[in-house]
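The lines below spell out each chain.
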Amino acid sequence: MEKLNDIIDPQSVPQRNLYTGVKMPGIGMGTFGSDRFTAEEVANAVKGAAEVGFRLFDCASVYGNEHLIGEVFKEIMETGIKREELFITSKVWNDKHDDVIESCKKTLKDLQLDYLDVYFVHWPFPNFHGKGVSIDSRDPNAKPYIHENYMKTWRQMEQLVEMGLVKHIGTSNMTIPKLKLVLRDAKIKPAINEMELHPCFQQPELFDYLKENEIVPIGFCPIGSPTRPDRDKTENDFVDIEDPIVVKIAKAHGVHPAVICVKWAVQRGQSPIPFSIYRNEYASNLKAAVTDLLTDEEMKEMEKVDKNCRLIKGDVFLWKAGQTWEALWDVDGEITPA
Ligand SMILES: NC(=O)c1ccc[n+]([C@@H]2O[C@H](COP(=O)([O-])OP(=O)(O)OC[C@H]3O[C@@H](n4cnc5c(N)ncnc54)[C@H](OP(=O)(O)O)[C@@H]3O)[C@@H](O)[C@H]2O)c1
């Protein structure tokens with residue numbers, strides 16, 4: 001068999017400092033198959049990603065593949081990689097906000113782990129997909145963000161830390177107004193916020209707010225999620241890997257534009273979690289974090305790529321008919337009234 005020279009020493013990968021003093025890799029591997037790739041393909045990619053040197057893996061119960069990824073984690077650890085060398089995240093789905101502990105225990109069982117490094121509240125909106133309501137359509141029983149209810153969920157998250165089942169807890173798909181309230185009321189504050197981040201959607205205000213509050217950003221859809229589910233595609237979405245600046249810098253470095261998106265993310269200070277089932281792609285993504293970095297000038301140019309283009313708009317979480325997705329994201333700087 002041809003010997004692949006695509007292994008990166010995990011110790012050479014930039015690390016992020018969490019407020020607890022724990023370090024987290026500056027890049028990880030996503031595991032959402034976007035309804036296009038099977039659970040087997042994703043699990044196989046996790047195995048390959050660990051081989052090439054990835055140590056951070058971003059999981060979630062709703063991705064429907066944790067039971068197979070768990071088999072892979074077991075195999076990875078049988079090769080001599082220790083649990084503490086891995087950084088594994090998962091998330092409580094929107095129908096389990098009242099049942100966080102059981103949900104986390106199920107994930108731990110599926111992933112064959114004793115603890116998670118981070119457990120996230122996947123979305124700040126509960127959504128109890130009723131009978132006949134698919135995950136792709138608006139739930140007539142959807143609720144807006146109600147801080148009191150979120151804190152009830154957060155208390156269960158805090159309990160998980162106290163029980164030793166998770167090392168850190170985190171938020172995802174949040175806004176500054178919502179985070180302000182959580183930081184005010186949390187006993188254990190979020191260590192990480194997982195959020196959409198790619199060159200065409202840089203979210204500079206939220207990014208800076210997190211830094212000021214010692215919360216590390218994990219960036220999802222770092223390549224602009226070209227294979228995202230059709231429900232998340234709209235006509236006016238920008239395509240990061242076709243952006244003229246990204247393409248120009250990619251040509252100068254002799255790499256695919258996707259690799260430039262990853263380099264930019266790592267150098268900016270978020271931890272991107274690019275997904276791919278192809279070894280050449282995920283190996284290039286990890287290599288991007290450690291070699292042939294962007295110059296200061298190129299980093300400056302990448303700032304100009306921002307189009308404030310949110311891809312994962314979350315329409316299914318809207319709680320009233322006739323609303324537009326902006327209502328979910330507190331675009332006026334205040335929590336949108338119920
Ligand atoms: N917290 C949340 O709510 C949330 C939401 C969304 C996603 N996520 C997480 O974020 C992860 C990443 O997001 P994502 O998968 O939507 O988007 P992404 O990583 O931006 O895009 C993935 C796609 O990019 C292409 N790609 C990857 N590496 C490449 C390379 N080196 N060269 C060329 N093309 C490359 C692949 O497409 P081809 O197959 O066409 O090559 C792949 O399917 C998910 O897997 C999940 O773990 C979290």
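Residues numbered from 1 in each chain as written. Predicted model: local features only at pLDDT ≥ 70, side-chain atom pairs only at ≥ 80, totals over all residues. Heavy atoms only, no water.

The chain carries the name Alcohol dehydrogenase (NADP+) in an unreviewed UniProt entry, which gives Clostridium grantii DSM 8605 as its organism.

The environment of the ligand is formed by 29 residues, the closest being Asp58, Ile223, Ser225, Thr227 and Glu281. At 2.7 Å from an oxygen atom of the ligand is found a main-chain nitrogen or oxygen belonging to Ile223. Between the ligand and the protein, one listed contact pairs an oxygen atom with a backbone N or O atom of Gly224 at 3.4 Å. Calculation on the ligand without its partners gives an accessible area of 910 Å², and the protein chains cover 91% of this total. Per-class residue counts for the shell around the ligand are 14 nonpolar, eleven polar and four charged. (Near = heavy atom within 4 Å. Polar contact = N/O pair within 3.5 Å; in protein donor to acceptor, adjacent residues only side chain to side chain. Areas by Shrake-Rupley, 256 points an atom, 1.4 Å probe, with all protein chains shown as cover. Nonpolar A, V, L, I, M, F, W, Y, C, P; charged D, E, K, R; others polar.)

Let's shift gears to the layout of surface pockets. The computed volume of the second largest pocket comes to approximately 440 Å³. Lining the second largest pocket we find 17 residues, and of these Gln203, Glu205, Arg310, Trp329 and Val331 sit closest to its centre. Those elements giving two or more residues to the lining of the second largest pocket turn out to be α5 (176-185) and α6 (204-212). At three residues, α6 tops the list of elements feeding residues into the lining of the second largest pocket. For the lining of the second largest pocket, the per-class residue count stands at nine nonpolar, four polar and four charged. (1 Å grid on protein atoms, 1.4 Å probe; cavity = no way out; pocket = protein on both sides within 12 Å on 5 of 7 lines; lining within 4 Å. Points joined across faces, edges and corners; volume = space filled by probe spheres on them. Helix = DSSP H or I, 4+ residues; strand = E, 2+ residues; numbered from the N terminus.)

Turning to the pattern of salt bridges, a few remarks are in order. Counted by the stated rule, this structure contains 18 salt bridges. As a salt-bridge pair, Lys307 and Asp243 come within 3.1 Å of each other at their nearest N and O atoms. Taken together, the residues Lys307 in the segment after α10 (296-303) and Asp243 in the loop between β9 (216-220) and α7 (244-253) connect sequence positions 64 residues apart. On the basis of relative accessibility, which here comes to 7%, the residue Asp243 falls in the buried class. One network of salt bridges, with partners in common, ties together Asp6, Glu51 and Arg279. (Salt bridge = Lys/Arg side-chain N within 4 Å of Asp/Glu carboxyl O. Buried < 20%, exposed > 50% of the residue type's maximum accessible area, 1.4 Å probe, protein only.)

Following the UniProt record, the feature "site: Lowers pKa of active site Tyr" (unreviewed entry) maps to Lys91 here. Note that Lys91 resides in strand β5 (residues 87-92). Residue Lys91 is classed as buried on the basis of its relative accessible area, which comes to 0%. The contact partners of Lys91, leaving out residues within four places of it in the chain, are Asp58, Cys59, Ala60, Ser61, Tyr63, Tyr119, Phe120, His122 and Glu194. At 2.8 Å, the side chain of Lys91 forms a polar contact with the side chain of Asp58. (UniProt positions renumbered as here; feature names shortened; annotations may be inferred. Contact = heavy atoms within 4.5 Å.)

It is worth spelling out empty space enclosed by the protein at this point. Scanning all chains against the criterion turns up one cavity of 30 Å³ or more. Reported here for the largest cavity is a volume of approximately 30 Å³. In this structure, the largest cavity is lined by Phe125, Pro144, Tyr145, Lys178, Trp319, Ala327, Leu328, Asp330, Ile335 and Thr336.

In terms of nonpolar packing, the biggest core is built from 102 residues, with Phe54, Phe57, Phe73, Leu116, Tyr119, Trp154 and Ile192 touching the most fellow members. Among the elements that make up this core, the one with the highest residue count is helix α8 (residues 257-268) (eight residues). The residues touching Tyr119, leaving out its near neighbours within four places in the chain, are Ser90, Lys91, Val92, Val100, Ser103, Cys104, Met157, Leu160, Val166, His168, Ile169 and Gly170. (Core = buried A, V, L, I, M, F, W, Y, C linked by side-chain atoms within 4.5 Å.)

A few words now on the sheet that holds strand β3 (residues 29-30). Read across the open sheet, the eight strands follow the order β3-β4-β5-β6-β7-β8-β9-β10; overall the sheet is parallel. A strand with exactly one partner marks an edge of an open sheet, and here the two such strands are β3 and β10 (271-272). As defined by bridge partners, β9 adjoins β10 across two bridges and the pair is classed as parallel. Bridging from a neighbouring strand, Gly219 pairs with Pro272 of β10. Across the face of the sheet, helix α4 (residues 147-162) comes into contact with β5, β6 (116-121) and β7 (166-172) while running at roughly 160° to β7. Docked against the sheet, α6 engages β8 (192-196) and β9, running at close to 170° with respect to β8. (Pairing = 2+ DSSP bridges. Axes fitted to C-alpha atoms, helices over the stretch in contact; angles between N-to-C directions.)

Where helix α1 (residues 39-52) meets helix α2 (residues 66-78), the axes come as close as 9 Å, and the angle between the chain directions of the two elements is 20°. If you check the angle between α1 and α2, you find them roughly parallel. At the point where α1 passes α2, the crossing takes the right-handed sense. Contacts from Ala39, Glu40, Val42, Ala43, Val46, Lys47 and Ala50 of α1 reach α2 at Leu68, Ile69, Val72, Phe73, Glu75 and Ile76. Tallied by class, the residues present in the contact of α1 with α2 amount to ten nonpolar, no polar and three charged. (Parallel < 35°, antiparallel > 145°, perpendicular 65-115°, else oblique. Left-handed = near helix turned anticlockwise from the far one by under 90°.)

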